[in-house]
Amino acid sequence: MIKAVMVMNTQGKPRLTKFYEFLDFWCVVLCSRAENVSNFMEADSIFGPDSRLVYKHYATLYFVFVFDSSENELAMLDLIQVFVETLDKCFRNVCELDIVFNYSKLHTILDEIIFGGQVLETSSAEVMKARISLKLYRISYQNSFWLEE
């Protein structure tokens, strides 16, 4: 089960925390790691027993997934890639400002990929289809609301 999804910038400012409470310590740990070390970490001391942490650094953002031993580290790394690819499709080369100013879109995309700590979708194209369907549903709902009055 996935315990947390976090996105932070290189200064350690969190831009997204999802599922569990934010802990300051993980920001310091990731920002101080060298470029040539593994993207996998044991996170027992930070998030409790049986916790692992996988992260990927893209430009000025760190994408971090915390999970237990029932998940595979490489699958989580691939899931980070799917998340970033989907954000790139949505925002055309995602940056920190896109995440800050489009917080609700980010949560919608994340909820299509992961919900309640379980992976729902691993295809970026399917996530975008679901996002477009949701957008069309909202538009039709708003139109029907205004037509009833």
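Because the structure is predicted, anything quoted here is derived from the model rather than measured. (Residues numbered from 1 in each chain as written. Predicted model: local features only at pLDDT ≥ 70, side-chain atom pairs only at ≥ 80, totals over all residues. Heavy atoms only, no water.)

## As for the pairing of strand 1 (residues 2-9)
Among the 8 residues of strand 1, 8 are classified as buried, and the element is accordingly described as predominantly covered. As judged from the 7 bridges shared by strand 1 and strand 5 (residues 61-68), these two strands associate in the antiparallel manner. The residue of strand 5 that forms the bridge with methionine 6 is valine 64. When strand 1 meets strand 2 (residues 14-18), the two strands line up antiparallel, connected through 4 bridges. For valine 7, the partnering residue across the bridge sits in strand 2 and is leucine 16. Taking the residues between adjacent antiparallel strands as the criterion, strand 1 and strand 2 are bridged by 4 residues, where glycine 12 takes a positive phi near 95°. (Buried < 20%, exposed > 50% of the residue type's maximum accessible area, 1.4 Å probe, protein only. Helix = DSSP H or I, 4+ residues; strand = E, 2+ residues; numbered from the N terminus. Pairing = 2+ DSSP bridges.)

## A few points about the nonpolar core
Counting residues in hydrophobic clusters, the biggest one holds 27 residues, and the most contacted among them are Phe63, Phe83, Leu87, Ile113 and Ile114. Of all the elements in the fold, those that place two or more residues in this core are strand 1, strand 5, helix 3 (73-91), helix 5 (103-113) and helix 6 (124-148). Residue contributions to this core peak at 9 residues, all from helix 3. Non-local contacts of phenylalanine 83, meaning those with residues more than four positions away in its chain, are made with Val7, Leu16, Phe63, Leu106, Ile109, Leu110 and Ile113. Core analysis: the second largest hydrophobic core is formed by 9 residues, Leu53, Tyr62, Val64 and Val66 among them. (Core = buried A, V, L, I, M, F, W, Y, C linked by side-chain atoms within 4.5 Å. Contact = heavy atoms within 4.5 Å.)

## Considerations on the layout of surface pockets
When its volume is computed, the largest pocket comes out at roughly 160 Å³. Around the largest pocket, the lining residues are Ser104, Lys105, Thr108, Arg131, Leu134, Lys135 and Arg138. Residue assignment for the lining of the largest pocket shows that the elements contributing at least two residues are helix 5 and helix 6. At 4 residues, helix 6 tops the list of elements feeding residues into the lining of the largest pocket. In terms of residue class, the lining of the largest pocket is made up of 1 nonpolar, 2 polar and 4 charged. (1 Å grid on protein atoms, 1.4 Å probe; cavity = no way out; pocket = protein on both sides within 12 Å on 5 of 7 lines; lining within 4 Å. Points joined across faces, edges and corners; volume = space filled by probe spheres on them. Nonpolar A, V, L, I, M, F, W, Y, C, P; charged D, E, K, R; others polar.)

## Considering unusual backbone geometry
For arginine 92, which is not glycine, the phi dihedral falls at a positive 55°. In this structure, asparagine 93 takes a positive phi of about 70° despite not being glycine. Secondary-structure assignment places asparagine 93 in the loop between helix 3 and helix 4 (96-101).

## Some thoughts on the environment of glycine 12
Here glycine 12 shows up in the loop between strand 1 and strand 2. On the accessibility criterion, glycine 12 (14% relative accessible area) is buried. A C-alpha to C-alpha distance of 8.9 Å links glycine 12 and tyrosine 62, two positions 50 residues apart in sequence.

## What about the environment of leucine 74?
Structurally, leucine 74 is set in helix 3. With relative accessibility at 57%, the residue leucine 74 sits in the exposed group.

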